Amino acid sequence: GQQLNQSPQSMFIQEGEDVSMNCTSSSIFNTWLWYKQEPGEGPVLLIALYKAGELTSNGRLTAQFGITRKDSFLNISASIPSDVGIYFCAGHPNRDDKIIFGKGTRLHILP
Amino acid sequence: SQTIHQWPATLVQPVGSPLSLECTVEGTSNPNLYWYRQAAGRGLQLLFYSVGIGQISSEVPQNLSASRPQDRQFILSSKKLLLSDSGFYLCAWSPRGYIQYFGAGTRLSVL
């Protein structure tokens, strides 16, 4: 079946640094979504992308829908302690009512 | 606005006991509904989804079942819990389409 490869699996960064993570697939997706999950909570939608090449920002977060429609990127600028959590990418293949999730990138911020 | 409720938040059950987790959505009609399981520190595994009352699709053969007795109610059940059923269970809803909105989750510990 379709899979999303999300990398890196985890990141340890200093507060104030910028963060980049990505999601790739061998299949084409028509929608890309980025979620953040904090410990003990459900994932919360951060950004939704609908068109190839689209670049969308939400505060310090910026995500891009890859031109090939097979990848997406999330950047976080000037990280702060509350950015800690697991970031999931998800793609919709537009053939049914399900979305495919990546395995997540766990972000740790060092004091 | 739409809201999703999941309960209980935490549950400790002995092996072999039954299970019933409930999820309800407010402020929308005819949503798609989903149950996911998340093992500790891992990704999201889709268990069941429903596009309407009484319509359930199972993604993974297992010890669990799901039911949708009302339009905005989704129930996850088991007749006899196994140790391997422990995990974080998430309910999600979606308007016709792709973006999914998650509940706060139920942490199930089977002892």
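Look above for the structure.
Position labels on residues start from 1 in each chain and follow its written sequence. Chain A is the first chain written and ligand 1 is the first ligand written, with later ones labelled in order. Owing to the predicted nature of the model, reporting of local features is limited to residues with pLDDT of at least 70; listing and counting of side-chain atom pairs is limited to 80 or more, with chain, interface and lining totals taken over all residues. In computing side-chain properties, one takes all heavy atoms of the structure into account and sets aside hydrogens as well as water.

Participant: Could you clarify how one ought to interpret the state of the cysteines in this entry?
Facilitator: Put plainly, a disulfide is one covalent bond tying together the sulfur atoms of two cysteines. By disulfide we mean two sulfur atoms from cysteines, separated by a distance within 2.5 Å. In this structure the tally under the stated criterion is two disulfides over all chains. Note that A:Cys23 is cross-linked by a disulfide to A:Cys89, the S-S spacing being 1.6 Å. Placement of A:Cys23 in strand β3 (residues 19–24) and of A:Cys89 in strand β9 (residues 85–92) is noted, with a sequence separation of 66 residues between them. Categorising residues by exposure relies on relative accessible area from a 1.4 Å probe, with only protein chains included: less than 20% of the type maximum marks a residue as buried, more than 50% marks it as exposed, and the intermediate range marks it as partly exposed. On the accessibility criterion, A:Cys89 (0% relative accessible area) is buried. For B:Cys23, the disulfide goes to B:Cys91, at an S-S distance of 2.0 Å. Given an S-S torsion of about -75 degrees, the disulfide between B:Cys23 and B:Cys91 has left-handed geometry. Under the DSSP-based scheme used, a helix requires at least four consecutive residues in state H or I and a strand at least two consecutive residues in state E, with every element numbered from the N terminus.

Participant: How should the interface of chain B and chain A be read in this particular structure?
Facilitator: A common measure of how large an interface is: the accessible area buried when the components associate. Two residues form a contact once any of their heavy atoms are found within 4.5 Å. Counting residues at the interface gives 23 residues for chain B, matched by 19 residues for chain A. When two components associate, each loses some accessible surface as probed by a 1.4 Å sphere; the sum of these losses over both components is called the buried area. In total, chain B and chain A occlude about 1600 Å² of area from one another, counting both sides; carbon and sulfur atoms represent 60% of this. Take a side-chain nitrogen of Lys or Arg and a carboxyl oxygen of Asp or Glu: if they are within 4 Å of each other, that pair is a salt bridge. The interface formed by chain B and chain A contains one salt bridge. Of the charged contacts in the structure, one is a salt bridge between B:Glu59 and A:Lys98, with a shortest N-O distance of 3.2 Å. Within 3.5 Å is the distance limit for a polar contact, defined as a pair of N or O atoms, with the added protein rule that one can donate a hydrogen and the other accept it, and that residues adjacent in sequence qualify only through two side-chain atoms. At the boundary of chain B with chain A, the tally comes to three residue pairs in polar contact (both at pLDDT 80 or more). Secondary structure elements with two or more residues in the side of chain B that touches chain A: β4 (32–38), β5 (44–52), β9 (87–94) and β10 (101–102) of chain B. In this classification, Asp, Glu, Lys and Arg are treated as charged, Ala, Val, Leu, Ile, Met, Phe, Trp, Tyr, Cys and Pro as nonpolar, and every other residue, Gly included, as polar. Partitioning the side of chain B that touches chain A into residue classes produces 13 nonpolar, seven polar and three charged.

Participant: When you look at the sheet that holds strand β7 (residues 65–70) of chain B in this model, what are you seeing that I'm missing?
Facilitator: Residues and elements named next belong to chain B. DSSP calls a pair of strands paired once it identifies at least 2 bridges connecting them. Here we have four strands laid out as an open sheet, ordered β1-β3-β8-β7, and antiparallel in their pairing. Edge strands, defined here as strands with exactly one partner in the open sheet, are β1 (3–7) and β7. With direction set aside, neighbouring strand axes in the sheet form an average angle of 20 degrees. When β1 meets strand β3 (residues 19–26), the two strands line up antiparallel, connected through five bridges. Bridging from a neighbouring strand, Ile4 pairs with Val25 of β3. Convention adopted: a line fitted to C-alpha atoms gives each axis, helices being fitted over their contacting stretch, and angles between N-to-C directions are expressed from 0 to 180 degrees.

Participant: What's the story with the nonpolar core in this structure? I'm lost.
Facilitator: Nonpolar side chains in soluble globular proteins tend to be buried together. Nonpolar cores are built from buried Ala, Val, Leu, Ile, Met, Phe, Trp, Tyr and Cys residues. Side-chain atoms within 4.5 Å join them into one set. By size, the foremost hydrophobic cluster in this structure holds 21 residues, and its most contacted members are A:Trp34, A:Leu74 and A:Leu107. Of all the elements in the fold, those that place two or more residues in this core are β2 (10–14), β3, β4 (31–37), β5 (44–49), β7 (61–65), β8 (71–76), β9 and β11 (105–110) of chain A.

Participant: How should the packing of aromatic side chains be read in this particular structure?
Facilitator: Aromatic ring pairs are defined here through the distance separating the ring centres and the angle between the ring planes. Between 30 and 60 degrees the pair is tilted, below 30 it is stacked and above 60 it is edge-to-face, where a pair is any two Phe, Tyr or Trp rings, Trp via its six-membered ring, whose centres lie within 6.5 Å. Per the stated rule, a full pass over the model turns up 11 aromatic pairs over all chains. Aromatic pair B:Tyr34 and B:Tyr49: ring centres 6.0 Å apart, planes at 20 degrees, arrangement stacked. Highlighted residues: B:Tyr34 in strand β4 and B:Tyr49 in strand β5, separated in sequence by 15 residues. Under the relative-accessibility criterion, B:Tyr34 is labelled buried at 0%. Taken together, the ring pairs in this structure connect A:Tyr35, A:Phe88, A:Phe101, B:Tyr34, B:Tyr36, B:Tyr49 and B:Phe102 into an aromatic cluster.

Participant: Is there a simple way to explain unusual backbone geometry in this structure?
Facilitator: Peptide bonds are, in most cases, trans, and in most cases residues other than glycine have a negative phi. For the bond running from A:Ser7 to A:Pro8, omega is -5 degrees, close enough to zero to count as cis. The residue A:Pro8 is located in the loop between β1 (5–7) and β2 in this model. The omega torsion across B:Trp7 and B:Pro8 is 0 degrees, close enough to zero to call that bond cis. Along the polypeptide, B:Pro8 turns up in the loop between β1 and β2 (10–13). A positive phi angle, close to 45 degrees, is found at A:Ala78, a residue other than glycine.

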